[in-house]
Amino acid sequence: MEIKCIIIEDEPLAMKRTKEFAGQVSYLNLVATFQNAIEAIGFLKEHSIDLIFLDIEMDGLTGIELIESLSCIPEIIITTAYDKYALKGFELHVTDYLLKPFRFDRFLNAVERVHNNLDKEKKEEKNFIFVKTEYRLERIALNEICFIEGMGDYRNVQTSSKKIMTLKTFSDFEVELPINSFCRVHKSYIVSLDKIISIEHNRIKIKDALIPISDTYKEQFFKMIGL
């Protein structure tokens with residue numbers, strides 16, 4: 001299981017060390033690094049991340065303040081030179097708390113805890129989501145979703161039997177939908193991989209719809225389907 005992670009760290013030497021340690025763990029995919037929490041906020045709003053290696057004392061916004069600002073909190077491993085934040089960190093349900101300078105064996109132990117947590121979550125993964133449509137919350141089985149299409153301010157959830165219009169954002173869907181079953185292929189489309197009939201000329205056929213694959217998402221999509 002691949003774990004997508006980022007590092008938020010304002011000390012160059014600490015950043016270098018954490019990057020080197022992450023590079024030694026085969027299932028960690030380090031997708032971005034940030035020198036402060038403010039830079040990371042925009043990224044986190046647009047991307048689904050499994051794990052954050054997070055420093056605490058940073059200019060502008062502290063690591064604790066960042067955690068408190070997130071509506072959907074991934075696994076967090078705090079990396080800091082100060083032990084005074086340990087209680088607050090665990091109140092916020094962080095996965096582990098590494099005191100600098102930490103060794104690789106301690107780093108690996110923390111990462112293994114994350115792996116075990118995510119593996120357990122995956123096994124217990126829900127097979128449905130709820131979306132707000134009009135004045136009700138509608139339950140949708142994941143195996144009924146064919147694709148999700150952006151239509152102005154709305155998203156059209158096309159299921160096997162009907163269309164459901166919602167104001168739920170693509171970012172919200174990307175957090176909720178299992179990453180091994182659904183893929184963003186265009187700024188206006190998320191598709192269910194097992195509902196794909198064919199792919200031709202950078203277009204995906206699902207039911208009677210032809211869905212474009214944009215250059216932004218092409219590499220990720222073809223990697224997910226094994227090409």
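See above for the structure.
Summarised in this report is the structure supplied together with it.

Criteria and thresholds
- Residues numbered from 1 in each chain as written.
- Predicted model: local features only at pLDDT ≥ 70, side-chain atom pairs only at ≥ 80, totals over all residues.
- Heavy atoms only, no water.
- 1 Å grid on protein atoms, 1.4 Å probe; cavity = no way out; pocket = protein on both sides within 12 Å on 5 of 7 lines; lining within 4 Å.
- Points joined across faces, edges and corners; volume = space filled by probe spheres on them.
- Helix = DSSP H or I, 4+ residues; strand = E, 2+ residues; numbered from the N terminus.
- Nonpolar A, V, L, I, M, F, W, Y, C, P; charged D, E, K, R; others polar.
- Buried < 20%, exposed > 50% of the residue type's maximum accessible area, 1.4 Å probe, protein only.
- Arc of directions from axis to C-beta.
- Contact = heavy atoms within 4.5 Å.
- Polar contact = N/O pair within 3.5 Å; in protein donor to acceptor, adjacent residues only side chain to side chain.
- Pairing = 2+ DSSP bridges.
- Axes fitted to C-alpha atoms, helices over the stretch in contact; angles between N-to-C directions.

Turning our attention to the layout of surface pockets. Of the volumes computed, that of the second largest pocket is approximately 170 Å³. Every residue lining the second largest pocket is listed: K132, T133, E134, Y154, M165, T166, L167 and K168. For the lining of the second largest pocket, the secondary-structure elements that each account for two or more residues are β6 (128–133) and β10 (163–166). Of the residues belonging to the lining of the second largest pocket, the class tally is three nonpolar, two polar and three charged.

Moving on, we come to helix α2 (residues 37–46). Inspection of α2 places A37, A40, F43 and L44 among the buried residues, and these make up the whole buried set. When α2 is viewed along its axis, its buried side chains cluster within an angular range of 115° and face the same direction. Turned more than 90 degrees away from the buried face of α2, the exposed residues are I38, K45 and E46. On the buried face of α2, the contacting elements are β1 (3–8), β2 (28–34), β3 (51–54) and α3 (63–69). Two to three positions downstream of the cap, the backbone nitrogen of I38 sits 3.1 Å from a side-chain oxygen, assigning the N-cap of α2 to N36.

A few words on unusual backbone geometry. Omega for the peptide link from K100 to P101 comes to -10°, which places this bond in the cis form. Within the secondary structure, P101 is located in the loop between β5 (96–99) and α5 (104–123). Not every positive phi belongs to a glycine, and H93 is a case in point at roughly 65°. For H93, the location among the structural elements is in the loop between α4 (86–91) and β5. Residue classification places H93 among the exposed residues on the basis of a relative accessible area of 70%. Residues other than glycine seldom take positive phi values, yet H201 does so here, at roughly 55°. Assignment of secondary structure puts H201 in the loop between β13 (198–200) and β14 (203–206).

Taken together, the five strands give an open sheet; going across it, the order is β2-β1-β3-β4-β5, and neighbouring strands pair in parallel fashion. Each edge of the open sheet is held by one strand with a lone partner, namely β2 and β5. Going across the sheet, the axis of each strand differs from the next one's by a mean of 20°, ignoring polarity. Taken together, the six bridges between β1 and β2 define a ladder with parallel strand orientation. Paired with C5 across the bridge in β2 is L30. Here helix α1 (residues 12–23) sits on the sheet and contacts β1, β2 and β3; the angle it forms with β2, its principal contact strand, is near 165°.

Mapped onto the secondary structure, A40 falls in helix α2. Overall, A40 belongs to the buried group, its relative accessible area being 0%. Considered as a pair, A40 and F173 are 133 residues apart in the sequence and their alpha carbons are 20 Å apart. Beyond its immediate chain neighbours, meaning those up to four positions away, A40 contacts I8 and F34.

Now for the side chain of T79. Tracing the backbone shows T79 in strand β4 (residues 75–80). If near-sequence neighbours (up to four positions away) are discounted, T79 is found in contact with E9, L54, D55, I56, L98, K100 and F102.

These values are about where atoms sit, not about what they do.
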